[in-house]
Amino acid sequence: MNERVKKLREQSINAKPSLSLERALLLTNFYQSSATDKTSIPVARALAFKFLLKNKKICINDGELIVGERGPEPAATPTYPEICTHSMKDLEILNTRSKISFSVDEETRQLTKDRIIPYWKGRSIRDLIFENMDKEWIEAYDAGIFTEFMEQRAPGHTVAGRHIFHKGFQDFKNEIADALNNLDFDNDPEALGKKEQLKAMEIAADAVLILAERYSEKAKELAKKEKDSKRKQELEQIAEICNYVPKNAPRTVWEALQHYWFIHLGVITELNTWDSFNPGRLDQNLFPFYKKDLEEGKNTSEEIKELLQCFWVKFNNQPAPPKVGVTAEESNTYTDFCLINLGGVKEDGSDAVNDLSYLLLDVIEEMRILQPSSMVQISKKTPNEFLKRALKIVRTGFGQPSIFNTDAIIQELLRQGKSIIDARNGGASGCVETGAFGKESYILSGYFNLTKVLEITLNNGKDSRTGKKIGLETGDSTQFKTFDELFEAFKLQLNYFIDIKIKGNNIIERLWATILPSPFMSLLVDDCIKNGKDYNDGGARYNTTYVQGVGLGTITDSLSSLKYNVFENKIINMEEMLKALESNFEGRNELWMKLIRATPKYGNDNDYTDKIMKQVFNEFYMSVNGRPNTKGGCHRINLLPTTVHIYFGSVIKATPDGRKEFQPLSEGVSPVQGMDTKGPTAVIKSASKIDHLKTGGTLLNQKFTPQFLADDDGISKLLYLIRSYFRMDGHHIQFNVVSADTLRKAQNNPELYRNLIVRVAGYSDYFINLGESLQNEIIERTEHLSV
Amino acid sequence: MKETRGLIFDIKRFAIHDGPGIRTTIFFKGCPLECWWCANPEGQKKEHEEIISPFQLEENDECIKDVIGDEISSQEVIDEILKDRVFYEESNGGVTFSGGEPLMQPEFLQSLLALSKQEGIHTILDTSGYGTQSIFEKIVDDVDLFLYDLKLLDMEKHLKYTGVSTDLILQNLSFLVDKKQNIIIRIPIVPGITDSSANLNQIGKYLSELKSIIRVDILPYNKMSEAKYNRLGKTYKLSNIAPPSDERMSEIKNQLELFGLKVKIGG
Ligand code: SF4
């Protein structure tokens, strides 16, 4: 890495995240003026967006080649009061909490109190959502049965398709003009609505052009003052580039990166979209420019690498916007889930790995920063050499890249009815979510606490933590004669809560579609323009709503324990078991030991438990899959936790698998922490009994100590594990390469381990930034070092 | 093949130091030797035995005892082996029979080898070589690769440190060489015991005259098993010996390579 990149990288890492009211104040000013009185909601949103980009501060950092910040400076993070309005207490927590803090200065506090809260209180979509939810939903939500993604952040969950690298915003505007011309007021009852949406999209397109123009002007101005002749020339070139893109389609790598970056800024300024945004299959999307640059001698591959590294820094400069309410204390990361995809297959099904894929791996290895995150797509056609190169980066213990199965992703997409071309152009984003890039809105609606549903079933509809009855009366569990009776009751309870969740989703989706449309995002995702429909209203070619199951390992082991210990071997009856759970195994050490050690556990390739896991999976799948959403698509499932397995655990008392009260649940499709005693092949076999292809993504975490991967032999063994898992349709696997000792040391001397990045669950984070319980959990995770 | 039963003390999946690829290793219980450095002391006795569990309920509680040794049928073992077939196929791995000493349960071993071969699974026998030649005659066709231990060539020392003499071991090795078997020799490097220049030269010279030795693996002694000795109530005689350094291992590698052998550090 050269001096320039080193400096930019340092600056980015050292930038202290702060809260910036720039966006909130501009937005409030805009809505308080009467500018929106005579316009439709989408047009008003577009005008507000334009107002933001016209008036926000322009920031070009010293030495950078790709320009544009979301806030007034790096790591100055905006708020989105129209979505959720931070209270004074939230600001206090953000400012003082020890992890993932955001500094909040006195002026920000004062303005929040005087300007932001008074205007947005009761107007934010968060307030509206809670107002519109019925009692059952609120009770289930409060009990921790599910979370709601859309109460704090906007439905984004999508990724740029290749087409945006070949179109300028002038092209989008032409398409809008065509669409407007084609509106059929005679026959289409929605024609007027479409007209308003298209007008809004056009305004949004102009808005980003204004931003680019302002950057161009700023660069020119800086160039004039610049003493250093080399930098002067660079700034002049930046001015030219910002003058050309994103209005026109890019012609070079530099233009392509700047083009994308303006788009990225547009998306994350318009709304605080989930998973920010993402350039998707970067090695594929950039390859034509890369090839042309090299052929024409415009750039050497070293220079292209430098541009890419400057591009990387831009992502790292934008921490995830902080949340409000309880989650402000708990939120565990600055990362905003932008996941760069490398490898995979081309549109014609052939292997897609190219020289740029390798160059990008070099970039990832050298940068070692939190954002963007990265992954490699491995198909059966991918050369082992590429996978090995990626694993050598995994070995450095920085948690990137994670490894995905292209063949599984394609089959998942095909199963959902996508075309083969759209499927091959797809990939995974966020943590592990499958999507048709550039064509699909695939919204994660919330995590679902499977284990909590079992707990409520065991207590006949009562939440044993609060004593409140919130579920169905599915029968007194001490009277159940067989495991099947218990499972039937669980099934009823599960469907009851899934119904509540889906009903909520359908209302919340409508609120977003009508109150907070996203005209800028709609420009980017096919076929919003063609359909004259907003991204949040089903304008995309494909519209999927996910419910994410959490704690598969814990619920499986709990059911396995009940089946084995209560119904079959009768070592304890249900009444006694419930008492033991209620008392957190107080004075029941011997029982507890049996539950931990002498009860079949998921993750050991043991059909007894794995069959139960499949039963749970199927019920969850059946209760969700295929149920319509309000956007012409349907609901589907995936299995990933991010860090919610900690929160979900904190609302559940002791469980029959021996888990003590309020301890974390298992995460993703991984076994319960420490219960996989038969090694990684057994874990992989167990996990492969899940029908991954029926999901939109699953997450499997494996931890290896560095010694394991010290030599090429270790790398090969890991490669075989991955190939085997993928042959059995596994969706994703990721590796933590750290020793428990190192982690313990890091826990005790955080100041000495500031560089230690670990992969948590679909993303990487600095270990010292993690909460203590998450730190402990990572330390405890079974180490598969083979001695 | 008739159903046989045997006594094992562990089945280890994802064994990656017991031959090529990803393997499953079956640990037979019972060994005619009693090497001072043995890493699997729980595999020596050919009956069930008790071991103190590393797991304890609470600090002051009595310790929990586990029983070591599983009586198991050859079919059950094969079922376990087959669970990882996909990994063997992807990695060119297979099954390794180790111990203890598999040769001590000849019928069980024979049946497992034959069943594995029927399933097309690559087989390795990890052996001290201490058994009668007639056993080797029976199994030799079903073993794809031998991991064959050589410790000390000096008869007296061998007797002292392992409890048996070298006769059978050397005879069997030359039998296998004559049969043109694939053999990897494994030498445990225990400082002060097996790593003397004299011993290594003797072994080097001896091996250089044998054909069909694919490679020599030198395995650095480690202290990982010390706790197990205590938990078994056995005395660990090597408490004062430190594991060989990396430099020492390279020296030994060089020394053996002078005999024209292919040498690898570690298994
Ligand atoms: S031959 Fe192997 S198993 Fe037997 S005592 Fe010696 S080291 Fe242990």
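Calculation notes
Residues numbered from 1 in each chain as written. Chains lettered and ligands numbered in written order. Predicted model: local features only at pLDDT ≥ 70, side-chain atom pairs only at ≥ 80, totals over all residues. Heavy atoms only, no water. Helix = DSSP H or I, 4+ residues; strand = E, 2+ residues; numbered from the N terminus. Rg over C-alpha atoms; globule rule 2.2 N^0.38 Å. Buried < 20%, exposed > 50% of the residue type's maximum accessible area, 1.4 Å probe, protein only. Contact = heavy atoms within 4.5 Å. Phe/Tyr/Trp six-rings, centres within 6.5 Å; stacked < 30°, edge-to-face > 60°. Buried area = accessible area lost by both parts, 1.4 Å probe. Salt bridge = Lys/Arg side-chain N within 4 Å of Asp/Glu carboxyl O. Polar contact = N/O pair within 3.5 Å; in protein donor to acceptor, adjacent residues only side chain to side chain. Nonpolar A, V, L, I, M, F, W, Y, C, P; charged D, E, K, R; others polar. Expected span 1.5 Å × (residues − 1). pLDDT = per-residue confidence, 0-100. Axes fitted to C-alpha atoms, helices over the stretch in contact; angles between N-to-C directions. Parallel < 35°, antiparallel > 145°, perpendicular 65-115°, else oblique. Left-handed = near helix turned anticlockwise from the far one by under 90°.

Trainee: So what's going on with the overall build of chain B? Which residues, and what values?
Mentor: In terms of regular secondary structure, chain B is built from nine helices and eleven strands. Its C-alpha radius of gyration of 19 Å places chain B within 12% of the 18 Å reference for a compact globule of 267 residues. Dimensions of chain B, computed from C-alpha atoms along their principal axes, come out at roughly 50 × 50 × 35 Å. Taking all 267 residues of chain B together, the buried fraction comes to 54%. Put simply, of all contacts in chain B between residues at least 6 apart along the chain, 68% involve residues at least 24 apart.

Trainee: Could you give an account of the packing of aromatic side chains, naming the residues involved and the relevant values?
Mentor: Within a pair of aromatic rings, the relevant descriptors are the distance that separates the centres and the angle that separates the planes. With the rule as written, the count across this model stands at 40 aromatic pairs over all chains. Centroid distance Trp261(A) to Phe311(A): 6.3 Å. Interplanar angle 80°. Geometry classified as edge-to-face. Linking Trp261(A) in helix α11 (residues 253–270) with Phe311(A) in helix α13 (residues 301–316), this pair joins segments that are 50 residues apart in sequence. Looking at Trp261(A), the relative accessible area reads 0%, which means it is buried. Look at Tyr229(B) and Tyr236(B): their rings are 4.7 Å apart centre to centre, the planes differ by 55°, and that puts the pair in the tilted class. By relative accessible area, which is 9% here, Tyr236(B) ends up buried.

Trainee: Account for unusual backbone geometry, naming residues and giving values.
Mentor: Cis peptide bonds are those with omega within 30 degrees of zero, and the linkage from Asp526(A) to Asp527(A) qualifies with 0°. When you line up the elements, Asp527(A) lands in the loop between α21 (519–524) and α22 (528–531). With an omega of 25°, the peptide bond running from Gly99(B) to Gly100(B) counts as cis. By the secondary structure assignment, Gly100(B) is in the loop between β6 (94–99) and α3 (106–118). If you check the backbone angles, Asp275(A) has positive phi at about 60° while not being a glycine. For Asp275(A), the location among the structural elements is in the loop between α11 and α12 (282–295). We note that Asn584(A) has phi near 60°; this positive angle belongs to a residue other than glycine. Tracing the backbone shows Asn584(A) in the loop between α24 (574–582) and α25 (589–597).

Trainee: Break down the interface of chain A and chain B for me, with residues and values.
Mentor: Taken together, the contacts link 25 residues of chain A with 22 residues of chain B. The contact between chain A and chain B buries some 2200 Å² in all, and 61% of this surface belongs to carbon and sulfur atoms. On the chain A side of the interface with chain B, the three residues burying the most area are Thr681(A), Lys717(A) and Arg727(A), jointly 24% of the side's total. Counting every contact that joins chain A to chain B gives four salt bridges. Its salt-bridge partner being Arg727(A), residue Glu90(B) comes within 3.1 Å of it at the nearest N-O pair. Across the chain A-chain B interface, the total number found is eight residue pairs in polar contact (both at pLDDT 80 or more). Class assignment of the residues belonging to the side of chain A that touches chain B gives a composition of twelve nonpolar, five polar and eight charged.

Trainee: Describe the pattern of salt bridges, naming the residues involved and giving the relevant values.
Mentor: For the structure shown, the criterion picks out 71 salt bridges over all chains. Glu148(A) is the partner of Lys501(A) in a salt bridge, and the nearest nitrogen-oxygen pair spans 2.8 Å. Note that Lys501(A) is positioned in helix α20 (residues 483–515) and Glu148(A) in the loop between α7 (135–143) and α8 (169–182), a separation of 353 residues in sequence. On the basis of relative accessible area, Glu148(A) is assigned to the buried category, the value being 4%. Close ionic contact of Lys205(B) with Glu209(B) constitutes a salt bridge, the shortest N to O distance being 3.8 Å. On the basis of relative accessible area, Glu209(B) is assigned to the exposed category, the value being 55%. Because the salt bridges share partners, they merge into one network encompassing Asp605(A), Asp607(A), Asp610(A), Lys685(A), Lys689(A), Arg13(B), Glu80(B), Lys83(B) and Asp84(B).

Trainee: Which residues make up helix α26 (residues 607–624) of chain A, and what values go with them?
Mentor: Residue and element names in this part refer to chain A. Between its first and last C-alpha atoms α26 spans 25 Å; for 18 residues at 1.5 Å apiece the expected length is 26 Å, and the two agree. Of the residues making up α26, those classed as buried are Thr609, Asp610, Ile612, Met613, Val616, Phe617, Glu619, Phe620, Tyr621, Ser623 and Val624. Measuring from the side-chain oxygen of the N-cap residue of α26 to the backbone nitrogen of Tyr608 gives 2.8 Å; that N-cap residue is Asn606. Phi for Gly626, located one or two positions after α26, is positive at around 90°.

Trainee: Can you tell me about the confidence of the model for chain B, naming the residues and giving the values?
Mentor: Per-residue confidence for chain B gives a mean pLDDT of 92, with 96% of residues at or over 70. Among the scores for the predicted complex, ipTM is 0.92 and pTM is 0.93.

Trainee: Explain the packing of helix α7 (residues 197–208) of chain B against helix α9 (residues 246–257) of chain B to me, using residue names and the numbers behind them.
Mentor: All names here are of chain B. Look at α7 against α9: their axes get within 9 Å of each other, and the N-to-C directions meet at 40°. The angle between α7 and α9 places the two elements in the oblique class. For the pair α7 and α9, the crossing hand works out as right-handed. For the pair α7 and α9, contact is made by Ser197, Leu200, Asn201 and Gly204 and by Arg248, Ile252, Gln255 and Leu256, respectively. Residue classes in the contact of α7 with α9 are distributed as three nonpolar, four polar and one charged.

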